[in-house]
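Residue-level listing of the chains:
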Amino acid sequence: MQPTSQPSAGRKRWWIAGIAAAGAAITLPLFSSQVLADDDHDEREAPRSERRESERRPAANTALAAMPKAYQAECASCHMAFEPRFLPAASWQRMMNTLDKHYGTDASIDAASVKTISTWLQANAGSSRRLGTPPEDRITRTRWFLHEHDEIPASTFKRARIGSQANCMACHTGADKGNYDEESVRIPR
């Protein structure tokens, strides 16, 4: 019997399947519709049904465009104009009801401004399921914030050019425009 240079039909199928699998392994990441910039997501953290909501960052929000002038004038005159999506509605309500004791400062404002700002904050608040109930109603204590910043040592936030975890704009160069993408992070030395 003469040896043939042609592979058998079975070997040919395995060879084609191998090439197809290798091609998929190479090209799938290039064309994947979901790219995660953060590498610290562990699929064991939550059951699959809960993971999508818990891992999702607060969505880009159009609330900044509709920010009341009272919020800019009253709140952002002392600190960054934090987006409503970073706290659940109950936290914003407690905060607005206790402005006379706002983190050790009397930040009282007129009733009309309280109403305008409160309505906007409530309408654009974040999900309590994603954020949890943060101790002391602090953004920096929400489940989402702690997860996103878990790789950053506490000493980093104490640097002179940062000061505290609440100084978002020190590292997130686009925070004032609602951009918190990791690509825009510049941590000061």
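In the block above lies the structure referred to throughout.
### Let's talk about the environment of Ala160
Argument step 1. Looking at where Ala160 falls in the secondary structure, it is placed in the segment after helix H8 (154-157).
Argument step 2. Exposure remark for Ala160: the relative accessible area of 83% places this residue in the exposed category.
Argument step 3. Spatially, the C-alpha atoms of Ala160 and Arg189 are 8.6 Å apart, while their sequence positions differ by 29 residues.

### Quick look at the nonpolar core
Argument step 1. Counting 24 residues, the largest nonpolar core has Tyr71, Phe82, Trp92, Ile117 and Leu121 as the members making the most contacts within it.
Argument step 2. Within the residue set of this core, elements represented by two or more residues are helix H3 (69-74), helix H4 (89-97), helix H5 (111-123) and helix H7 (143-148).
Argument step 3. Sequence-distant contacts of Phe82, that is, excluding residues within four places in its chain, are made with Tyr71, Trp92, Ile139, Ala166 and Cys168.

### As for H5
Argument step 1. Counted at 1.5 Å a residue, the expected span for H5 with its 13 residues is 18 Å, and the 18 Å between its end C-alpha atoms agrees.
Argument step 2. Taken together, the buried positions of H5 are occupied by Ser113, Ile117, Ser118, Trp120 and Leu121. The buried side chains of H5 occupy one side of the element, clustering within an arc of 165° when seen end-on. Seen from the buried face of H5, the exposed residues on the opposite side, beyond 90 degrees, are Ala111, Ala112, Lys115 and Ala123.
Argument step 3. In this fold, the buried residues of H5 make contact with H3 and H4.

### Re the pattern of salt bridges
Argument step 1. According to the stated counting rule, one finds six salt bridges in the structure shown.
Argument step 2. In this structure, Lys101 engages Asp100 in a salt bridge whose closest nitrogen and oxygen atoms are separated by 3.8 Å.
Argument step 3. With a relative accessible area of 59%, Lys101 lands in the exposed category.
Argument step 4. Overall, the relative accessible area of 40% leaves Asp100 in the partly exposed class.
Argument step 5. As a salt-bridge pair, Asp176 and Lys177 come within 3.6 Å of each other at their nearest N and O atoms.
Argument step 6. Of the residues examined, Lys177 reaches a relative accessible area of 66% and is grouped as exposed.
Argument step 7. Residues joined in a network through salt bridges with shared partners are Glu136, Arg138 and Arg141.

Conventions we followed
Residues numbered from 1 in each chain as written. Predicted model: local features only at pLDDT ≥ 70, side-chain atom pairs only at ≥ 80, totals over all residues. Heavy atoms only, no water. Helix = DSSP H or I, 4+ residues; strand = E, 2+ residues; numbered from the N terminus. Buried < 20%, exposed > 50% of the residue type's maximum accessible area, 1.4 Å probe, protein only. Core = buried A, V, L, I, M, F, W, Y, C linked by side-chain atoms within 4.5 Å. Contact = heavy atoms within 4.5 Å. Expected span 1.5 Å × (residues − 1). Arc of directions from axis to C-beta. Salt bridge = Lys/Arg side-chain N within 4 Å of Asp/Glu carboxyl O.

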